[in-house]
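# Analysis of the macromolecular model
Listed below are the residues making up each chain.
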Amino acid sequence: MNDIVISASGLRKSFPLSRGLIERISRQPALAVHALNDVSFALYRGETLGIVGESGCGKSTLARCLVRLHELDHGEIHFEGRDIAALAGSARRAFNRRVQMIFQDPYSSLNPRMTVRAILTEALSVHAMRAAAEIPARIAELLDLVRLPQDAADRYPHAFSGGQRQRIGIARALAVEPEVLVADELVSALDLSVQAQVVNLLLDLQQRLDLTVVFVAHDLRLVRHISHRVAVMYLGKIVEIGPSESLFTASQHPYTRALLAAAPELDPSKRSRKIAAKGELPSPIHPPTGCLFNTRCPYAFERCFTERPQLSDRSANHQAACHLTHFDEKDSVK
Ligand code: SF4
């Protein structure tokens, strides 16, 4: 797993808030939600990288930046060594085909006036993936791939359950034979039993088609199940990244430990500390100075309020952004 497909460095993205009349008259400075605060990572060919964090941590913004649905304020994303912001013409179209996003909401991402056949035909035609005569056979293949019956082709999205609609969304993404799939909260709108089916399908497809997958979710159990590596985000920054098992059994950041302690389904015997993050998530409009986690961290000390920690090596391929390298429960500030 040494071949880097996507590398991201120093990503920053803010969304300006609209100002009311009083703010404009009194010339108060414009405020912005800081969604990404210096995100860097590499995505290796053939891996599934899970991105996990609380709602509002920036993971969906990151997913959208990876497929250029959002333009960055700062930083660069390279796909196979080329800056995606500089891609134009046929190179941009090739990137759009090779890196596909699957959206969170299967209810709104499919055109209700198009049959599944029309949806897939459109996807196949946009990038001229097949000659017209070959399209019916390819649609049959795609339905097989996502385990939908052949008669699904002539039905409309409203005739399907949520899980089936998400399969249609996956088939649409696969129609253009991508190499990278970015799945943003793919199953969070689905019932638990259906979630497992869709996640298992994605696992199977990843192996059969040799896909590289970015799997964005807030559910730790799902991320652990599906990912080779996991990145934990907090207030727009990756605070820990490492191999899935190592991150779940030997987490190196107090926030990851808090997330694990708050996940009742995980095996308690595998948790080294029961630490919960105190207080509320700070506003992304005014993120804390120093360590972004300092307002909730039970270990925070003086340096944490002045200096923002950067990711540093903890073990093989495992990095964490914390000034501490060992956590002793007696050192925690209650
Ligand atoms: Fe906690 Fe300080 Fe580490 Fe941040 S740097 S996670 S505040 S101990």
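Please refer to the structure placed before this passage.
Below you will find a few notes about this structure. The residue numbers shown here count from 1 along each chain, following its written sequence. Where local features are concerned, this predicted model is filtered to residues with pLDDT of at least 70; where side-chain atom pairs are given and counted, the filter is 80 or more; whole-chain, interface and lining totals use all residues. To get the side-chain values, all heavy atoms of the structure are used, and hydrogens and water are removed first.

## Brief notes about the packing of aromatic side chains
The pairing test for Phe, Tyr and Trp rings, Trp by its six-membered ring, is centres within 6.5 Å, and the orientation test on the planes gives stacked under 30 degrees, edge-to-face over 60, and tilted for anything in between. Applying the stated criterion across every chain yields a total of 4 aromatic pairs. Geometrically, the ring pair formed by Y234 and Y255 is tilted, given 4.6 Å between the ring centres and 55 degrees between the ring planes. Of this pair, Y234 sits in strand β9 (residues 229–234) while Y255 is found in helix α10 (residues 254–261), placing the two residues 21 residues apart along the sequence. No difference in accessibility class separates Y234 from Y255, as the two residues are buried. A ring pair is formed by Y255 and F293, whose centres lie 5.3 Å apart and whose planes are at 65 degrees; its orientation type is edge-to-face. Of the two residues, Y255 sits in helix α10 while F293 sits in the loop between α10 and β11 (312–315), which places them 38 residues apart along the sequence. By the burial criterion, Y255 is buried, and F293 matches it. Of the aromatic side chains, those joined through ring pairs into one cluster are Y234, Y255 and F293. Numbering of helices and strands starts at the N terminus; helices are DSSP runs of H or I of at least 4 residues and strands are runs of E of at least 2. Exposed residues in this analysis have more than 50% of their type's maximum accessible area, buried residues have under 20%, and partly exposed residues fall in between, with area computed by a 1.4 Å probe over protein chains only.

## Comments concerning the sheet that holds strand β2 (residues 32–44)
When DSSP finds at least two bridges between two strands, those strands are taken to pair. Pairing is antiparallel across the open sheet formed by 4 strands, whose spatial order is β2-β1-β4-β5. Bordering the open sheet on either side are β2 and β5 (82–83), each of which pairs with just one other strand. Relative to β5, strand β4 (residues 74–79) runs antiparallel, the two being bridged by 2 bridges. Looking across to β5, one finds that F79 is bridged to R82. Pairs of residues are marked as contacts when any of their non-hydrogen atoms sit within 4.5 Å. Comment: axis = line fitted to C-alpha atoms, over the contacting stretch for helices; angle = value between 0 and 180 degrees taken between N-to-C directions. Across the sheet, helix α2 (residues 59–66) touches β1 (4–16), β2 and β4, and the angle it forms with β2 is around 60 degrees.

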